[in-house]
Amino acid sequence: MKILQRYFAVSIAQAVAFVLVAFLALNAFFDLTGQLPVIGNNGYRLQHALLFVLLRLPYHVYVVMPIAALLGTIYTMAQFAASSEFTIMRASGMSTRQAAWMLFKIGIVLVLITFIFGELIAPRTAPVAERMRLSARGATVTQGFVSGMWTKDVVRSEGITGAVTGSRFFNVRQFRNDGQLIDVRLYEFDTNFRMRSLITAARGSYKGNNTWRLEEVTQTVFSNTAPDAASATAAGQQGLSNYGQDSSRVVTRKLPGMDLVSEVTPKIISVSASDPDRMSANELAVYARHLSENKQESERFQIAFWKKLFDPLAIFVLMALALPFAYLQTRSGGISIKIFAGIMLGVGYMLVNSLSASLGVLSSMPAPLTAIAPSLVFLALALVALWRVERH
């Protein structure tokens, strides 16, 4: 059985590697052609475009690995059926359960590879690629946003652990590649949603420990509080009958710099402009929690988080779906027809996966169920297919 397992593993690994390389080459070609129109603008050269394409490859490995596993396994199983090798294996005592177990052990390696690329490598290379491209073109992260980048924050009485005393809207017109903020605006509100202050700063840099250092600051404080009983009585004795009717006042002061304690970190700012599909599970969890704590919509990021966990596991499902192809005889169609059927299954999986995520955002379906639903659908198809081929 060990020799048979090794034979299975080598055959499937070779087929999956071939399909994966083909898909990566195709994706790299499309990425490069997408960069050709901007080559020559500012300082963006061909070497920058090639480096950008290279740094995006780990993300493509994560995306196409399940489909490569499906097509590679289908090709191998179809080869076994065409050469009657699988028939000999079954005559030698190999059951469907044993074949599925061998595929499962091969799938573990592919799942680990997918997880490493999707969770450890791609989330690091993708931001580097984007920063390199923007830097070479003289652009900034927020250049594509008309009013800059927005995120919500909470105001606390003391430090980062004090009681919540209000909310803050964080607006950054430019977020440079070195992490510096340019043209910062902070709109602070009290717990009754009355505007309390407006802070503008020419620049901002992160000092660590949830503290920003703002420079060239203009702080406008709005005071609109009702007078207390003692003040009202004293005012009445002095004949100030209109005291307290309009106690609003505005105080503006300019400061060379100030420290701002905020739950918003450079990671949160950069993540707010990122594609959730290119973020790690840890980044998605942190940002989704930040949105939930600030009472903002977080369903899209919660679904992306659970998809990060479940999508690599779909490799097991798709390889199980490929196993019935070994039971199809040559008269059921040549290898090319089986490969075409596998491509259609792969396309169907990608469409269902994308549709499920979109429906999850629109509906009230729990995020874990939304993320795992496509795998459950195709697992049911695999079980039905195996049941049918075993009966016949």
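Relevant structure appears above.
Description of the structure in this document.

## Details of the overall build of the chain
Working step 1: Scanning the chain from terminus to terminus reveals 11 helices and 6 strands.
Working step 2: Long-range contacts, defined as pairs at least 24 residues apart, comprise 66% of the intrachain contacts of the chain with a sequence gap of at least 6.
Working step 3: Total accessible area on the chain stands at roughly 20900 Å², and carbon and sulfur atoms take up 61% of it.

## Remarks on the packing of aromatic side chains
Working step 1: Inspection of the entire model under this criterion finds 11 aromatic pairs.
Working step 2: Relative to F189, the ring of F169 lies with its centre 5.9 Å away and its plane at 90°, an arrangement referred to as edge-to-face. Taken as a pair, F169 in strand 2 (residues 164-175) and F189 in strand 3 (residues 181-190) lie far apart in primary sequence, 20 residues in all.
Working step 3: One Lys or Arg, R300, reaches over the ring of F301 and ends 5.9 Å from the middle of that ring.
Working step 4: If you follow K308 out to its NZ or CZ, it ends over the ring of Y62, 4.2 Å from the centre.

## Focus on the sheet that holds strand 5 (residues 211-223)
Working step 1: Pairing in this open sheet of 6 strands is antiparallel, and the strands run 1-2-3-4-5-6 from one edge to the other. Across the chains shown, the open sheet's two edge strands, defined by having one partner strand only, are strand 1 (149-156) and strand 6 (249-261). The average angle at which neighbouring strand axes cross in this sheet is 20°, direction not considered.
Working step 2: Sheet topology note: the strand 1/strand 2 ladder contains 8 bridges and is antiparallel. The residue bridging M149 from the neighbouring strand is V172, located in strand 2.

## As for the layout of surface pockets
Working step 1: One number sums up the size of the second largest pocket: a volume of about 550 Å³.
Working step 2: Secondary structure elements with two or more residues in the lining of the second largest pocket: helix 2 (46-82), helix 8 (299-310) and helix 10 (335-362).
Working step 3: Here the element with the most residues in the lining of the second largest pocket is helix 10; it accounts for 7 residues.
Working step 4: Across the lining of the second largest pocket, the residue classes break down as 13 nonpolar, 4 polar and 6 charged.

## Some words on the pairing of strand 4 (residues 195-208)
Working step 1: Here strand 3 runs beside strand 4; their pairing, made up of 8 bridges, is antiparallel. Following the sheet pairing, R185 is matched in strand 4 by T200.
Working step 2: Remark: 4 residues form the turn of the hairpin made by strand 3 and strand 4, two consecutive strands paired antiparallel; F193 in that turn has positive phi of roughly 65°.
Working step 3: Hairpin connection, strand 4 to strand 5: the antiparallel pair is bridged by 2 residues, and N209 has positive phi, about 55°.

## Side note on the nonpolar core
Working step 1: Core analysis: the largest hydrophobic core is formed by 43 residues, its most contacted members being F8, I12, M77, F86, M94, M319 and L323.
Working step 2: Every element with two or more residues in this core is listed here: helix 1 (2-35), helix 2, helix 3 (85-91), helix 4 (96-136), helix 9 (314-322) and helix 11 (367-391).
Working step 3: Sort the elements by how many residues they give to this core and helix 2 lands first, with 11 residues.
Working step 4: The next biggest cluster of nonpolar side chains, apart from the first, holds 24 residues, and it includes I199, L260, A288 and F301.

## Concerning the packing of helix 9 against helix 11
Working step 1: Two elements in contact, helix 9 and helix 11, have axes whose closest approach is 8 Å; the angle formed by their N-to-C orientations is 25°. The angle between helix 9 and helix 11 places the two elements in the roughly parallel class. Where helix 9 crosses over helix 11, the handedness of that crossing is left-handed. Contacts between helix 9 and helix 11 involve A314, V317, L318, A320 and L321 from the first element and S375, F378, L379, L381, A382 and L386 from the second.
Working step 2: In the contact of helix 9 with helix 11, the residues fall into 10 nonpolar, 1 polar and no charged.

## Focus on the environment of Y206
Working step 1: Within the secondary structure layout, Y206 lies in strand 4.
Working step 2: For the pair Y206 and L181, spaced 25 residues apart in sequence, the C-alpha to C-alpha distance is 8.8 Å.
Working step 3: Beyond its immediate stretch of four places on either side in the chain, Y206 contacts T211, W212, T265 and P266.
Working step 4: At 2.9 Å, the side chain of Y206 forms a polar contact with the backbone nitrogen of N210.

## So, the pattern of salt bridges
Working step 1: A full pass over the atoms with the stated rule returns 11 salt bridges.
Working step 2: Here the salt bridges share partners, and the residues they tie into one network are D153, R168 and E188.

## Topic: a nonpolar patch on the surface
Working step 1: The grouping of F340, I343, M344, V347 and L351 at the surface amounts to a nonpolar patch, some 470 Å² of accessible area in total.
Working step 2: Mapping V347 onto the fold places it in helix 10.

## Structural notes on the packing of helix 2 against helix 9
A pair of packed helices is captured by two measures, namely the crossing angle of their axes and the spacing between those axes.
Working step 1: Where helix 2 meets helix 9, the closest approach of the two axes is 8 Å, and the angle between their N-to-C directions is 20°. In this view, helix 2 runs roughly parallel relative to helix 9, as classed from their interaxial angle. Crossing of helix 2 against helix 9: the hand is right-handed. Along the contact surface, helix 2 presents M65, P66, A69, L70, T73, I74 and M77, while helix 9 presents I315, L318, M319 and A322.
Working step 2: For the contact of helix 2 with helix 9, the class distribution of residues is 10 nonpolar, 1 polar and no charged.

## Focus on helix 7 (residues 281-293)
Working step 1: Along its 13 residues, helix 7 runs 18 Å from first to last C-alpha, staying within 8% of the 18 Å computed at 1.5 Å per residue.
Working step 2: Looking at helix 7, one finds that the buried residues are A281, E283, L284, Y287, A288, H290 and L291.
Working step 3: Residue K295 follows helix 7 closely and has a positive phi angle near 55°.

Rules used in this analysis
- Residues numbered from 1 in each chain as written.
- Predicted model: local features only at pLDDT ≥ 70, side-chain atom pairs only at ≥ 80, totals over all residues.
- Heavy atoms only, no water.
- Helix = DSSP H or I, 4+ residues; strand = E, 2+ residues; numbered from the N terminus.
- Contact = heavy atoms within 4.5 Å.
- Areas by Shrake-Rupley, 256 points an atom, 1.4 Å probe, with all protein chains shown as cover.
- Phe/Tyr/Trp six-rings, centres within 6.5 Å; stacked < 30°, edge-to-face > 60°.
- Lys NZ or Arg CZ within 6 Å of the ring centre and 35° of its normal.
- Pairing = 2+ DSSP bridges.
- Axes fitted to C-alpha atoms, helices over the stretch in contact; angles between N-to-C directions.
- 1 Å grid on protein atoms, 1.4 Å probe; cavity = no way out; pocket = protein on both sides within 12 Å on 5 of 7 lines; lining within 4 Å.
- Points joined across faces, edges and corners; volume = space filled by probe spheres on them.
- Nonpolar A, V, L, I, M, F, W, Y, C, P; charged D, E, K, R; others polar.
- Core = buried A, V, L, I, M, F, W, Y, C linked by side-chain atoms within 4.5 Å.
- Buried < 20%, exposed > 50% of the residue type's maximum accessible area, 1.4 Å probe, protein only.
- Parallel < 35°, antiparallel > 145°, perpendicular 65-115°, else oblique.
- Left-handed = near helix turned anticlockwise from the far one by under 90°.
- Polar contact = N/O pair within 3.5 Å; in protein donor to acceptor, adjacent residues only side chain to side chain.
- Salt bridge = Lys/Arg side-chain N within 4 Å of Asp/Glu carboxyl O.
- Patch = residues over 30% accessible without salt bridge, like charges linked within 9 Å, V, L, I, M, F, W, Y side chains within 5 Å.
- Expected span 1.5 Å × (residues − 1).

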